[in-house]
Amino acid sequence: MDHRKPTRRGGEEGTSASHDAPGSQNRRNFLKGGLVFAGAAAGTSLQAHAEKLAIPESNKQMGREMELKAYGTPSKYEAHVTRNRSDVLVNKQKWSDWSMTPIQNQVGIITPNGLFYERHHAGVPDIDPAKHMLVVHGMVKQPMKFTMDDILRLPAVSRFHFMECSGNGLTDWKAPKSKTVQQSHGLLSCAQWTGVPMSWLLERAGIADGAKWLLFEGADGSAHARSIPIEKAMTDTLVVYGMNGEMLRPENGYPLRAFIPGWEGNVSVKWLRRIKVSDKPWHLRSETARYTDPMPNGKWRQFSMVMECKSVITKPSGGMKLKYGPGPYEIEGFAWSGNGSIKHVDVTTDGGKTWQEAKLEEPVLDRCLTRFRFLWNWDGGPAKIASRAVDTTGYVQPTVADIEKVRALTGFVQHHNAIFPWSIDPSGEVANAIA
Amino acid sequence: MRLLDMKRTTTGAIAATLLAAFASSSAFAVTQADFKIGAAVSEDDLSLWNIDVTTPDGRGLPPGKGSVSEGEKIFAEQCVTCHGEKAAGGSMYGSMVGGVGSFLTDKRKLTPGSMYPYAPILFDYIRRAMPMTAPESLTNDEAYALSAYILNLNDLVPADGVLDAKAITAIKMPNRDGFMVDDRPDTKAVRCMENCPPIKD
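Basis of the calculations
Residues numbered from 1 in each chain as written. Chains lettered and ligands numbered in written order. Predicted model: local features only at pLDDT ≥ 70, side-chain atom pairs only at ≥ 80, totals over all residues. Helix = DSSP H or I, 4+ residues; strand = E, 2+ residues; numbered from the N terminus. Buried ≥ 20, exposed ≤ 12 C-beta atoms within 10 Å, placed from the backbone. Contact = placed C-beta atoms within 7 Å. Arc of directions from axis to C-beta. Nonpolar A, V, L, I, M, F, W, Y, C, P; charged D, E, K, R; others polar. Pairing = 2+ DSSP bridges. Domains from an automatic or database assignment. Core = buried A, V, L, I, M, F, W, Y, C linked by C-beta atoms within 7 Å. Axes fitted to C-alpha atoms, helices over the stretch in contact; angles between N-to-C directions. Parallel < 35°, antiparallel > 145°, perpendicular 65-115°, else oblique.

A. Main features of the overall build of chain B. Of the regular secondary structure elements, chain B holds seven helices and four strands. A total of 201 residues make up chain B; the buried ones form 31% of that total. Sequence-distant contacts, at least 24 apart, represent 58% of the contacts inside chain B between residues at least 6 apart.

Spelled out as structure tokens, the structure:
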């Protein structure tokens, strides 16, 4: 596909590559999988090269010398892989704004920290961990304050989970506005999170009888806050400082954030400074005027925090091209559910008339990105491809039409977990086909 | 002699085993609750942090008051650049006025007047986040005054109105009953594999 640079295809591997046509890695994988398409195995791949390959320049000199201390960065040939500020819906300022992960470039299930999507409400604060403090107060036996040293002293837990913004896909309900999957689905990332169960900190303060809700509040310029049911915080909510093997990045909440597995990203309040315990929710702007869903009767659905089961094909996806003509291609993508783990992913290549089950790649984890793979022999004709996920609750990913039956799709609507089709024309161009 | 040695050895071994068992069981008995981390703090010490308002009943609203006319002045100094004249929309953000009745149309207009179920939401948000260039810099009186001005533009406070904790909580917002709690899953998709309706339909 277009997003992979030719250098990844083994072109520098010496003579072993000389028999392979471009894209042969795909073909080798196919053969390994015991799957041979008629016509695919024949053709150009075994033709002898007429030209002798020169010794690569990199074999003939010393490389870059070792740096004494450094934080490594990706190859300069990967400079096109960037987290991009929202550019379909363009905000007039860059503080209450968001950026999207290039999920079409992601290999494996973990999003590198430098590509993890962002959503800020007043920009990224600069917080010295030596000065940061988390307080727990309100309906508690003893209000407590914790330093970062306090929290780092506790035994740690690490868990793999996806995070998705409730607004992921909000530009593409009834008309194809996004060109790429980064634009349509890039408010999605996945990491290994490290921290402590929030319940441990709440227990240090001692929850008073009758307490039912918590307020999470951030130390950013918006003092972003959300009301969270206490049972969720006691069950699986973490207070995290680590992400993919290092401390959180500033834009992801450094030095400390809440993390609620499977729920919309904004409840996992970043730069967490305060947890207040109460008997009822606060009904703040962030949970009334924002992050609510329009309903057909003119009302709004509130506290809709679970990110329901969803999937999308990332390769091939919008803006790519099936450039090897008719023949075998691997279709791959992500599936995830805030309600459990992924049970099945089905793929259609005929616009939804027939579906076949895709292969799920291990590990398949609870509330984590799961990668699916499906081998397809493109006949060169127009095609419409899409994926559909089923989670362990039995919930089946709906279509936009299914959702429109029960919600109002007016304006920029949240919680878009619909099946997302891509069209492929005879030239191999892949385009957004949401409507 | 040999017997005695053996006895000693056995006794020693048993003692060592018991010691080890005791040591390891006490090691396993340590839990996170044994880490007495953190320090006690008083609610009084937290008063500057304690800025949240439980908006349906106004709990957490501070003393103080502000009028529509005071709010108009503060708005002109600190808010108009981003929000525009009379909060009708400016360089950064859209309108904060009107929209009542639009939720049954295809173009819902979300403003504090049309959307907020409780008026103290406005006070809470202004106090915690506004102005964006200097959040938490307004006095409580100023936050009340700005709330009064914005609500006046939305015809929810009279031109000579003054808001304090009691008055702002008493305002009946048009969207008071406009919310329902999450009742998903609401879709009922089935896992059709063959002869299925195309995705668009």
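B. Expanded view of helix α2 (residues 68-78) of chain B. Residues and elements named next belong to chain B. For α2, every residue scored as buried is listed here: V68, G71, I74 and F75. One side of α2 holds all its buried residues, which, seen down the axis, span an arc of 120°. Opposite the packed face of α2, turned more than 90 degrees from it, sit the exposed residues A76 and E77.

C. Local environment of the interface of chain A and chain B. If you look at the interface, chain A gives 66 residues, while chain B gives 58 residues. If you list the elements that add at least two residues to the side of chain A that touches chain B, you get β4 (133-138), β5 (144-147), α2 (148-153), α4 (198-205), β13 (272-278), β15 (300-302), β22 (383-391) and α6 (400-404) of chain A. Residues belonging to the side of chain A that touches chain B are distributed by class as follows: 32 nonpolar, 19 polar and 15 charged. In the sheet, β5(A) pairs with strand β1 (residues 39-40) of chain B via two bridges, with the strands oriented antiparallel. The residue of β1(B) that forms the bridge with K145(A) is A39(B).

D. Structural view of the sheet that holds strand β8 (residues 213-218) of chain A. One open sheet holds the six strands; their spatial order is β9(A)-β8(A)-β13(A)-β4(A)-β5(A)-β1(B), and the pairing between them is mixed. The two strands at the open ends of the sheet, each matched to only one other strand, are β9 (225-229) of chain A together with β1 of chain B. Across four bridges, the pairing between β4(A) and β5(A) is antiparallel. Within the sheet, the bridge partner assigned to V135(A) lies in β5(A) and is K145(A).

E. Broad picture of unusual backbone geometry. Residue P255(A) is bonded to the preceding Y254(A) through a cis peptide linkage, with omega at 5°. With respect to the element layout, P255(A) can be found in the loop between β11 (246-247) and β12 (257-259). Look at the link from K315(A) to P316(A): it is a cis peptide, with omega at 0°. The backbone phi angle of D155(B) is positive, close to 60°, even though this residue is not glycine. Looking at the element boundaries, D155(B) is found in the loop between α6 (140-153) and β3 (162-164). Judged by C-beta crowding, with 12 C-beta atoms within 10 Å, D155(B) ranks as exposed. Backbone geometry at N195(B) places phi at a positive 50°, although glycine is not the residue there. Mapped onto the secondary structure, N195(B) falls in the segment after β4 (179-181).

F. The arrangement of the pairing of strand β17 (residues 327-336) of chain A in detail. Residues and elements named next belong to chain A. Most of β17 is tucked away: nine of the 10 residues are buried. Here strand β16 (residues 310-315) runs beside β17; their pairing, made up of five bridges, is antiparallel. Each residue of the ladder has a partner; that of S311, found in β17, is A335.

G. Spatial organisation of the domain arrangement of chain A. All names here are of chain A. Under the domain assignment, chain A is made up of domain 1 (113-301) and domain 2 (310-432). Taken together, the 27 residues of domain 1 in the interface contact 24 residues of domain 2. Of all the secondary-structure elements, those providing two or more residues to the side of domain 1 that touches domain 2 are β6 (157-164), α3 (181-185) and β14 (293-294). Tallied by class, residues from the side of domain 1 that touches domain 2 come to 13 nonpolar, 10 polar and four charged.

H. Main features of the nonpolar core. L214(A), F216(A), V239(A) and L122(B) are the most contacted members of the largest nonpolar core, which totals 135 residues. Ranked by residues supplied to this core, first place goes to α6(B) with nine residues. Split by domain, the residues of this core number at least three in each of domain 1 (113-301) and domain 2 (310-432) of chain A. The contacts of V239(A), once residues within four sequence positions are left out, are I151(A), G195(A), V196(A), M198(A), L201(A), L256(A), A258(A) and L272(A).

I. Expanded view of α4(A). Residues and elements named next belong to chain A. Of the positions making up α4, those classed as buried are M198, L201, L202, R204 and A205. All buried residues of α4 project into a common sector of 155° when viewed along the axis, lining one side. The elements touched by buried residues of α4 are β4, β5, β7 (188-197), α5 (230-235), β10 (238-243) and β12. Phi for G206, located one or two positions after α4, is positive at around 80°.

J. Fine view of the sheet that holds β15(A). Taken in spatial order, the three strands make up an open sheet running β14(A)-β15(A)-β4(B), and their pairing is mixed. Only two strands of the sheet have a single neighbouring strand rather than two, namely β14 of chain A together with β4 of chain B.

K. Inspection of the packing of α2(B) against α6(B) at higher detail. All names here are of chain B. Where α2 contacts α6, the two axes come as close as 7 Å, and the packing angle between them is 95°. Taken together, the axis directions place α2 and α6 in an arrangement best described as roughly perpendicular. On the side of α2, the interface is formed by V68, E70, G71, E72, I74 and F75, while α6 contributes E142, A145, L146, A148, Y149 and N152. Taken together, the residues that form the contact of α2 with α6 break down as seven nonpolar, two polar and three charged.

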